[in-house]
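# Analysis of the macromolecular model
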Amino acid sequence: MKVPKLFKAELSEKRFRKKVIRRVYIESERNFLLGLYSKGADGRFHRPEELDTEDTKRLRQLARSIKKNRGVLRTGKVSLLVIVVAVILVFNFVFKNRLLEQALERGLEGVFSARAEVDDLDFRILSGRIFFAHLSVADREQPFRNLFELGATEVDLNTAELLKAKVIVTNLESLEIGWNTPRQTSGAVAGGGRGEKEVPADREQRRGLSLNLGNLDAEALVDDQMEKLSSPAQITALNTRLRTLQQQWQITVDKSRADVADLSGHIDSVRSIDVRSLDTVPELQQAVADIREAATALDQVKNDVEAVNTQINADREGIEAARSAFEKAVDSDVAYLASLTDLSSGELRSLVSDLVAGYLEQTLGRYYGYARRVKGYADKLIPGTKGKRSDSQRGGRMEGGENIPFAAVVYPRFMLENAGVSVSGMGTSEAIEGSVQNVSSDPDLIGRPVTFAFSRTKGERQLSVDGVFDRRSNRKNDLILGVQVANHSIELSESLESLGLRSLSALYRFHTDFTLSRQAASADGSGVLDLYDLSVQPTSEQDLLGRTLYETLNSVAAVAVEFDYTLSGGGVSKVVARSSIDEQLSRVLKDRVAGIAKQYESRLREEVSARIEAQLEENETLYGVFSGLEQTSGGNLADVNACEAVLAQKRGEVEKRISDSQKQATDAVKSELEKQLDQIKGKVPLPRLNF
Amino acid sequence: MFVKWIAALIVAINANNRAGEVAAGISFALLLALIPGGNLLWTVLFIITFLLKINLAGELLFLALFKLLAPLTDGLLHRLGAWMLNRPFLQDPFTTAYNLPLLPLSRFNNTIVMGGLIAGLLLWIPVFFLFRQLVILYRRRLRDKIAGSKLVKALGRVPLVASIGNMVRKLGGPYLTVR
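Summarised in this report is the structure supplied together with it. (Residues numbered from 1 in each chain as written. Chains lettered and ligands numbered in written order. Predicted model: local features only at pLDDT ≥ 70, side-chain atom pairs only at ≥ 80, totals over all residues. Heavy atoms only, no water.)

### Examining a positive patch on the surface
All names here are of chain A. This is how it is decided: The patches reported here contain residues having more than 30% relative accessible area and no salt bridge. Joining distances are 9 Å for like charges and 5 Å for nonpolar side chains (Val, Leu, Ile, Met, Phe, Trp, Tyr). Only the protein chains shown count as cover for residues, and the accessible areas themselves come from Shrake-Rupley with a 1.4 Å probe. By definition, a salt bridge exists where a carboxyl oxygen of Asp or Glu is found within 4 Å of a side-chain nitrogen of Lys or Arg. Asp and Glu are treated as the negative residues and Lys and Arg as the positive ones, with His and the ends of the chain left uncounted. A single reference atom marks each charge: NZ on Lys, CZ on Arg, CG on Asp, CD on Glu. Only runs of H or I of at least four residues qualify as helices and only runs of E of at least two qualify as strands under DSSP, and these elements are numbered from the N terminus.
On the surface, a cluster of positive charge is made up of Lys2, Lys5, Lys8, Lys14, Arg15, Lys18, Lys19, Arg22, Lys67 and Arg70. A per-element tally of the positive patch places helix α1 (residues 13-20) first, with 4 residues. Within the secondary structure, Lys5 sits in the segment before β1 (10-11).

And the structure:
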């Protein structure tokens, strides 16, 4: 067995004392060595050249322990630590950027619930800077579009806070930004879900309007509503009544006619009496008898004819009343039909406002959608406190102590102090600037709300958005947003047909402010929309509404629309707009609509009349026949009256003749009697004639 | 595990090791016991002890022992730490330290942590020298006598002691045999 080098056969005293004896801490071992080595004359320590196995073994163990006792560090473990650190560093250098890329992508996917991609990330730990060539975040509602993308971007991080596991971005600058850009692959992530677009249930469908007379289909309307009209039933009933009366009165009037004819025979015989030729009493008595007979017949016929005439007149009045009621029914039907197509112009009073309100609903709904999504992202960014252990909650003996607070800037888990993007030039007239400040996972801790501003200028067109997003506790409002738009164009072509317009285009300025209430979960806002350089194309010259809108809108230099709105649920729940030309347009439309309403009513009347044309014709015929009967009846009565007059005249003549004859006879008799009386003085009385 | 630590400590005391290694292990055990765990300071100190040539078995054994007793000293440590942390002239350094990266993770602003650190550091040197001297005295005066005594041989037949003895022989080799 070989003796270790430490225990050479000959050692200097210094080496023996310092390197050997000093490092042996066991008394027995030290004595063993002192016994083994002996100091020679040369002052050096010597041991026997040959040692037995046991001594050699003991020396080997001693050498091992002496070697082990050197130094204060465990070289093996220190080396292991160095290797571990080296591996970590190498791993960091090799995989750091890839790992950070993945961490950033996962973080963004967590916040936006959609696929995120980061390319060519380079993290400089010492300088606390991150560069990446491209970042894109998909839109979870449109997986094949990006919510936004950033080009070459530089991020300044607070390295000190990074060591506390806090990501504090002091500044983020990007020179390229894009949003709503197309993607090659789907950006949907598992569990991200595709948001259903909510549509307000109470949004009313705007009723179709048209003031083009050609577009008003009166025929179809009357066909459609025929069952609900009262005039057809009335004319039918009237005709039935006329038919019945005609049948009833035809016989009666004919009989009266015959009676009158018979009477005329009597009257003619009376008329033929030549009263002057009646000289004798019998002749006079015969004439009187004829007249009496004729008078009796006349009285009977007259009574009958008068009764018939009275009744037929009464029926005629009834028919007249029914005809009048029918005409009113036609008027009523026409009014009802006209009411089904609102031509009152009442709904047109705020036509421009309503038209703009539709556009505003879309625009404001879009902004509100963005605001809601930002709120959703913020809610994901700000973690709940449930399950989160604060320092003071940590267990162990430290609880028994007290944490002495020292002044320090305490950052939240994540904070973006400032981010800015500025894109301009590059061959276009477009310039984009945007900034956002104080985005954090704990707004209460930093005590500041998120502020942001964005502006986009393209030629003359300008859009700027600024606002405050406040997720701090005990705040009334989550978001206060202001939007300003200038020199943008509005071009509408859909849904304008009902207004008689083919297209409407204008430039506009627009500004609005709205506040998203935390408690009510709704936003209220107001704003002004100025439309200018209006260009309107009516669908046709015949369309009154389109023409009126065209003329009115072209006659004004600008239209100012003030609006108030409420945003809730999935979008705009209410928009109230007032335009500067509402009154003017309403006035013009009122006049024009009145005219067209009259024409339309006339057409409706014609259509209704056409539906009951046969009944009307029958009614005219029946009414004519009935009128004929009435005239006949009247004629009968007139004839009777004429007969009566003839009879009265003849009676008068006969009476006069009798009277004259009586007088002549009386005078003659008187004279004779006077003669005879004178002769016989009252012996013979004269006969008396009485009628 | 405790048997192994006891055995390793016995080996260390009896082997050709520096007495300071055992003493340093016990001193560090006291320091680590006085400082509450669960903070960066304790973790760093513990890792450092693994890199130093100190007796780890002794450290772990005494750490377990001292940890049982440490809560009894919390009141004292709290007062000591509070006194130190509230020294006006130390406010600036402490504030600076509190704002440095990582240092707040040491929880030095906790009164018991600070008190434990101060007490541990103050006691480290006396404990070190005390135990070093005890080991030296043991080796010089008792080691050989105990190894050959009848009492030790009798105790060696007790099962627990026998197992420790077996472990010691396995770990310590020739130093446990009396020459």
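Once the structure has been displayed, the description carries forward.
### Observations concerning the interface of chain B and chain A
Rule in force here: Should any heavy atoms of two residues lie within 4.5 Å, those residues are counted as being in contact. Here the buried area means the combined drop in accessible surface, using a 1.4 Å probe, for two parts upon being joined, counting both sides.
With 51 residues of chain B in contact, the opposing surface of chain A contributes 38 residues. Of the roughly 3700 Å² buried at the junction of chain B and chain A (both faces included), carbon and sulfur atoms supply 53%. Its largest share of buried area at the contact with chain A, chain B owes to Asn16, Leu51 and Lys53 of chain B, together 20% of the area lost on that side. Where chain B meets chain A, there are 0 salt bridges.

### A short note on the sheet that holds strand β11 (residues 177-178) of chain A
Residue and element names in this part refer to chain A. The following threshold applies: Strand pairing requires that DSSP identify at least two bridges connecting the strands. Axes, fitted as lines to C-alpha atoms, cover a helix only where it is in contact. Angles between the N-to-C directions of the axes lie from 0 to 180 degrees.
Ordered by their spatial adjacency, 4 strands build an open sheet running β4-β7-β8-β11, and the pairing between neighbours is antiparallel. Two strands close off the open sheet at either side, each with one partner strand: β4 (116-119) and β11. The strands touched by helix α4 (residues 75-112) are β4, β7 (134-139) and β8 (142-150); relative to β4, the strand with the most contacts, the crossing angle is about 155 degrees.

### Regarding the packing of aromatic side chains
All names here are of chain A. Note the cut-off: Under the pairing criterion, centres of Phe, Tyr and Trp rings, with the six-membered ring standing for Trp, must be within 6.5 Å; the plane angle then separates stacked pairs below 30 degrees from edge-to-face pairs above 60, leaving the rest tilted. When a residue's accessible area, from a 1.4 Å probe over protein chains only, is under 20% of the maximum for its type it is buried; when over 50% it is exposed; and in between it is partly exposed.
A complete count under the given rule lists 19 aromatic pairs over all chains for this structure. Here the aromatic rings of Phe91 and Phe95 are separated by 4.8 Å at their centres, their planes lie at 45 degrees, and the arrangement is tilted. Taken together, the positions of Phe91 and Phe95, both in helix α4 and 4 residues apart, correspond to about one turn of that helix. Given the relative accessible area of 42%, Phe91 is considered partly exposed. With 5.6 Å between their ring centres and 70 degrees between their planes, Phe112 and Phe148 make a pair best called edge-to-face. Placement of Phe112 in helix α4 and of Phe148 in strand β8 is noted, with a sequence separation of 36 residues between them.

### Section: helix α12 (residues 582-611) of chain A
We apply this condition: One less than the number of residues in a helix, times 1.5 Å, gives the span that helix is expected to have.
In this model α12 of chain A runs 40 Å from its N-terminal to its C-terminal C-alpha over 30 residues, within 8% of the 44 Å that 1.5 Å per residue would give. Restricting attention to buried positions, one finds in α12 of chain A the residues Asp582, Leu585, Ser586, Leu589, Val593, Ile596, Ala597, Tyr600, Leu604, Glu607 and Val608 of chain A.

### Focus on the environment of Asp530 of chain A
All names here are of chain A. By the element assignment, Asp530 lies in strand β18 (residues 522-538). For Asp530, a relative accessible area of 21% translates into the label partly exposed. Separated by 24 residues in the primary sequence, Asp530 and Ala506 have C-alpha atoms spaced 9.6 Å apart. With near-sequence residues (within four places) excluded, Asp530 lies in contact with Leu507, Tyr508, Arg509, Val559 and Ala560.

### Some remarks on the nonpolar core
The tendency in soluble globular proteins is for nonpolar side chains to be buried as a group. What counts here: By nonpolar core is meant a set of buried Ala, Val, Leu, Ile, Met, Phe, Trp, Tyr and Cys residues that side-chain atoms within 4.5 Å join together.
Grouped together as the largest cluster of nonpolar side chains are 72 residues, with contacts concentrated most on Phe510, Phe514, Leu529 and Leu531 of chain A. It is helix α9 (residues 351-381) of chain A that provides the largest number of residues to this core, a total of 11 residues. When sequence neighbours within four positions are dropped, the list of residues in contact with Leu531 of chain A reads Val356, Ile490, Ala506, Leu507, Tyr508, Ala557, Ala558 and Val559 of chain A. The next biggest cluster of nonpolar side chains, apart from the first, holds 41 residues, and it includes Ala12, Ala24, Leu61 and Ile112 of chain B.

### Overview of the pattern of salt bridges
Residue and element names in this part refer to chain A. Tallying each qualifying case throughout the model produces 33 salt bridges over all chains. For the salt bridge of Asp639 with Arg257, the shortest nitrogen-to-oxygen distance reads 2.5 Å. Here Asp639, found in helix α13 (residues 613-680), pairs with Arg257, found in helix α7 (residues 231-271); they are 382 residues apart in sequence, far enough to count as distant. Its relative accessible area of 31% is what places Arg257 among the partly exposed residues. Between Asp660 and Lys656 there is a salt bridge; the shortest N-O distance is 3.4 Å. Here the residue Asp660 and the residue Lys656 both occupy positions in helix α13, the gap between them amounting to 4 residues, near one helical turn. We classify Asp660 as partly exposed; its relative accessible area is 30%. Among the ionic contacts, a cluster of salt bridges with common partners joins Glu105, Arg106, Glu109 and Arg115.

### Digging into the packing of helix α6 (residues 218-225) of chain A against helix α8 (residues 281-340) of chain A
Residue and element names in this part refer to chain A. Definition in use: By the definition adopted for this analysis, an angle is roughly parallel if under 35 degrees, roughly antiparallel if over 145, roughly perpendicular if from 65 to 115, and oblique otherwise. For any pair of crossing helices, the crossing counts as left-handed if the nearer helix is rotated counterclockwise from the farther one by less than a right angle, and right-handed if it is rotated clockwise.
Where α6 meets α8, the axes come as close as 11 Å, and the angle between the chain directions of the two elements is 110 degrees. The orientation of α6 with respect to α8, classified from their angle, is roughly perpendicular. Like other packed secondary-structure pairs, α6 and α8 cross with a definite hand, here right-handed. Taken together, the residues of α8 that come into contact with α6 (itself represented by Leu221, Val222 and Gln225) are Tyr336, Leu337 and Leu340.

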